[in-house]
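Report on the structure
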Amino acid sequence: MIVEQLRSRGIHDERVLEAMASVQREAFVVESERPRAYADNALPIGLGQTISQPYMVARVSELARITANDVVLEVGLGSGYQAAVLSRLAKRVVAIELLPALAQRAATALRALGIDNVEVHTGDGSRGYEQGAPYDAIVVSAGAPRIPNTLVAQLAFGGRLVIPISAGEQHVLTRVERTAEGLVTTQHDPCMYVPLRRVGGWLPHD
Ligand code: SAH
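Quick notes on the rules
Residues numbered from 1 in each chain as written. Predicted model: local features only at pLDDT ≥ 70, side-chain atom pairs only at ≥ 80, totals over all residues. Heavy atoms only, no water. 1 Å grid on protein atoms, 1.4 Å probe; cavity = no way out; pocket = protein on both sides within 12 Å on 5 of 7 lines; lining within 4 Å. Points joined across faces, edges and corners; volume = space filled by probe spheres on them. Helix = DSSP H or I, 4+ residues; strand = E, 2+ residues; numbered from the N terminus. Nonpolar A, V, L, I, M, F, W, Y, C, P; charged D, E, K, R; others polar. Buried < 20%, exposed > 50% of the residue type's maximum accessible area, 1.4 Å probe, protein only. Pairing = 2+ DSSP bridges. Core = buried A, V, L, I, M, F, W, Y, C linked by side-chain atoms within 4.5 Å. Contact = heavy atoms within 4.5 Å. Near = heavy atom within 4 Å. Polar contact = N/O pair within 3.5 Å; in protein donor to acceptor, adjacent residues only side chain to side chain. Areas by Shrake-Rupley, 256 points an atom, 1.4 Å probe, with all protein chains shown as cover. Sits in = over half its atoms within 2 Å of the grid points. Salt bridge = Lys/Arg side-chain N within 4 Å of Asp/Glu carboxyl O.

**Focus on the layout of surface pockets**
Estimates place the volume of the largest pocket at around 460 Å³. As for the largest pocket, its lining consists of 35 residues, of which Gln49, Gly76, Ser141, Ala142 and Val194 are closest to the centre. At the level of elements, strand S2 (49–51), strand S3 (71–75), helix H4 (81–89) and strand S4 (92–97) are the ones that each hand at least two residues to the lining of the largest pocket. Grouping the amino acids of the lining of the largest pocket by side-chain chemistry returns 18 nonpolar, 13 polar and four charged.

This is the structure we're talking about:
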């Protein structure tokens, strides 16, 4: 996985590669998908949701440029796999998941691996998690129609938001950095995530 799916496709950040090597993806995959735990694609985790493709987990982690003292928010904990990789890179991860059954399963999987720096919350994270803000990085693991202002507002100075944004039928991985010159937005890989849901729906100005 590391050589064929990540290095060969341009993931060069050694800390990210180490983090990816240290987290067993099989621990976050449902029983029936276990034989495919290291497959080069997303896999179903139940309730219509998926565990992300390893390449996307690595790419998001690289784009977020996480350092050892960072506090990171993940919106869309799902299986817990992306959060586990982030937990190896950061000081602390705050993760929020809309579906209680998934949040519970992810918390159990993280605990089983001895990962104790991920704080799990259940609820709608499309507007972030104000109580833990500001964050050095925010990773959104579900696709949004546009960049939510409330998430940008929860970035620390120098902070990075990485989020898949709708582009026709697909998403494009987008990074927003809060810099001294203001917000810098760049577009990266095309991708396909499950939708970021918003309780009450998305309003035109959201
Ligand atoms: N990071 C996960 C990917 C899970 S798929 C992994 O590595 O497995 C995206 C997840 O986002 C789903 O579990 C879905 O329930 C969740 N989600 C969708 N909208 C959400 C919202 N508004 N707040 C929190 N979680 C949300």
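Once you've had a look at it, read on.
**Points about the pairing of strand S8 (residues 170–179)**
Along S8, seven of the ten residues are buried, which leaves the element largely enclosed by surrounding structure. Here strand S7 (residues 155–167) pairs with S8 via eight bridges, running antiparallel. Looking at the pairing, Val162 lines up with Arg175 of S8. Relative to strand S9 (residues 182–191), S8 is paired through eight bridges, and the arrangement is antiparallel. Across the sheet, Val176 pairs through a bridge with Thr185, a residue of S9.

**Quick look at unusual backbone geometry**
In this model, Ala133 is joined to Pro134 through a cis peptide bond whose omega is 0°. Within the secondary structure, Pro134 is located in the loop between strand S5 (118–122) and strand S6 (135–140). Positioned with a positive phi, Leu47 is a non-glycine residue whose angle comes to about 55°. Tracing the backbone through its elements, the reader meets Leu47 in the loop between strand S1 (43–46) and S2. Its identity is not glycine, yet Arg65 carries a phi of approximately 45°, on the positive side. Tracing the backbone shows Arg65 in the loop between helix H3 (54–63) and S3.

**A short note on the nonpolar core**
Among the nonpolar cores identified, the biggest contains 45 residues, and Met20, Phe28, Ile66, Tyr81 and Val85 are the most heavily contacted of them. Put simply, the parts of the chain that give this core at least two residues each are helix H2 (14–22), S1, H3, H4, S4, helix H5 (100–112) and S6. Contacts of Ile66, omitting those with residues within four sequence positions, involve Arg15, Ser61, Val72, Leu86, Leu89, Ala90, Ala137 and Arg160. Counting 19 residues, the second-largest nonpolar core is a separate cluster that includes Val94, Tyr129, Ala142 and Ala144.

**Here we look at the site of the ligand**
Looking at the ligand, there are 25 residues lining it, with Ser79, Glu97, Asp124, Gly125 and Arg197 nearest. Between the ligand and Leu98 there is a distance of 3.1 Å, counted from a nitrogen atom to a backbone nitrogen or oxygen. In this structure, Ser141 approaches the ligand through a side-chain N or O atom, which is 3.4 Å from a nitrogen atom. Burial of the ligand by the surrounding chains reaches 100%, relative to a free accessible area of 580 Å². Spatially, the ligand is embedded in the largest pocket. Only S2, H4 and S4 provide two or more residues apiece to the shell around the ligand. Looking at the shell around the ligand element by element, the count peaks at three residues for S2. Split by residue class, the shell around the ligand holds ten nonpolar, eleven polar and four charged.

**Digging into H3**
By the criterion of burial, H3 is predominantly enclosed, with ten of the ten residues buried. For H3, every residue scored as buried is listed here: Pro54, Tyr55, Met56, Val57, Ala58, Arg59, Val60, Ser61, Glu62 and Leu63. One or two steps after H3, the chain reaches Arg65, where phi turns positive at roughly 45°.

**Here we look at the pattern of salt bridges**
Counted according to the given criterion, the structure contains ten salt bridges. For Arg36, the salt bridge identified is with Glu33, shortest N-O distance 2.9 Å. Notably, a salt bridge pairs Glu62 with Arg59, separated by 2.9 Å at the nearest N-O pair. Here Arg59 and Glu62 lie together in helix H3, a separation of three residues that amounts to about one turn. For the pair shown, Glu62 and Arg59 are each scored as buried. Among the charged side chains, a salt-bridge network with shared partners connects Arg59, Glu62 and Asp189.

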